[in-house]
Amino acid sequence: RTRDPYLPWFLKFSEFMERQDQLLEDNKTALAMRGSDLNASRHSAKILRRAVDAARDPVAGSTATVSEDQYSRLLVRLRERTQEIRADIEEIDRLGAQSEQLLNEILAELTRAEARFGDRHPELKEWRIPVQERLERLPLELAAVSGPDGPRLTRGSRPRLNRR
């Protein structure tokens, strides 16, 4: 009697899935933290922009004045926040692309296994469904992480974050 090649494949696939799931969970945590940082930086930048605008064009009758030095420091802080926002967006993009790649690798392995073992193991087709659903939810998760000024959802592809 010949040994069923499914069992060794399944053991390797289980280890593969454990690694992929851990990486996906790590990405999910990192995305949440970056999203929080991004929203805080956006809030800070909005306040700094208002301060810069007010310093540039003070309201008539206002007694508040801003020295050139204070104005320069406001601009420096605003540039710093803008750089932080850009870095957060780039990291969210990177983590999103990495998560997409991890999910696609799982789907590819399941497709190969289905071609090889599908006649004896129809459950492989069913295993693809939650992975495919997770891949389809990824753009929405990225949009939620990046906040109201985040990616514009486009049909058929993972959206990129707005570069404002």
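Refer to the structure printed above.
This one's a predicted model, so the numbers in the text were calculated from it and none came from an experiment.

Caption draft 1: The arrangement of the overall build of the chain in detail. In terms of regular secondary structure, the chain is built from three helices and zero strands. Counted from the first residue to the last, the chain has its helices and strands arranged as α-α-α. Put simply, the chain has 164 residues, and 33% of those count as buried. Taking contacts inside the chain between residues at least 6 apart in sequence as the whole, the part at least 24 apart equals 71%. Total accessible area computed for the chain in this model is approximately 11,100 Å², and 52% of it derives from carbon and sulfur atoms.

Caption draft 2: Structural context of the side chain of Ser-146. Within the fold, Ser-146 resides in helix α3 (residues 123-146). For Ser-146, the side chain forms a polar contact with the main-chain oxygen of Leu-142, separated by 3.0 Å. A distance of 3.3 Å separates the side chain of Ser-146 from the backbone oxygen of Ala-143, its partner in a polar contact.

Caption draft 3: Fine view of the packing of helix α1 (residues 6-56) against helix α2 (residues 68-117). With their axes 7 Å apart at the nearest point, α1 and α2 run at an angle of 160° to one another. In terms of axis orientation, α1 runs roughly antiparallel to α2. Viewed along their axes, α1 and α2 form a crossing whose handedness is left-handed. Classifying every residue of the contact of α1 with α2 by side-chain character gives 30 nonpolar, eight polar and 12 charged.

Caption draft 4: Summary view of the nonpolar core. Among the nonpolar cores identified, the biggest contains 16 residues, and Trp-9, Ile-106, Leu-110 and Leu-124 are the most heavily contacted of them. Secondary structure elements with two or more residues in this core: α1, α2 and α3. Sorting elements by how many residues they give to this core places α2 first, with seven residues. Here Ile-106 is in contact with Phe-16, Met-17, Gln-20, Leu-24 and Val-131, once residues within four sequence places are set aside.

How each quantity is defined
- Residues numbered from 1 in each chain as written.
- Predicted model: local features only at pLDDT ≥ 70, side-chain atom pairs only at ≥ 80, totals over all residues.
- Heavy atoms only, no water.
- Helix = DSSP H or I, 4+ residues; strand = E, 2+ residues; numbered from the N terminus.
- Buried < 20%, exposed > 50% of the residue type's maximum accessible area, 1.4 Å probe, protein only.
- Contact = heavy atoms within 4.5 Å.
- Areas by Shrake-Rupley, 256 points an atom, 1.4 Å probe, with all protein chains shown as cover.
- Polar contact = N/O pair within 3.5 Å; in protein donor to acceptor, adjacent residues only side chain to side chain.
- Axes fitted to C-alpha atoms, helices over the stretch in contact; angles between N-to-C directions.
- Parallel < 35°, antiparallel > 145°, perpendicular 65-115°, else oblique.
- Left-handed = near helix turned anticlockwise from the far one by under 90°.
- Nonpolar A, V, L, I, M, F, W, Y, C, P; charged D, E, K, R; others polar.
- Core = buried A, V, L, I, M, F, W, Y, C linked by side-chain atoms within 4.5 Å.

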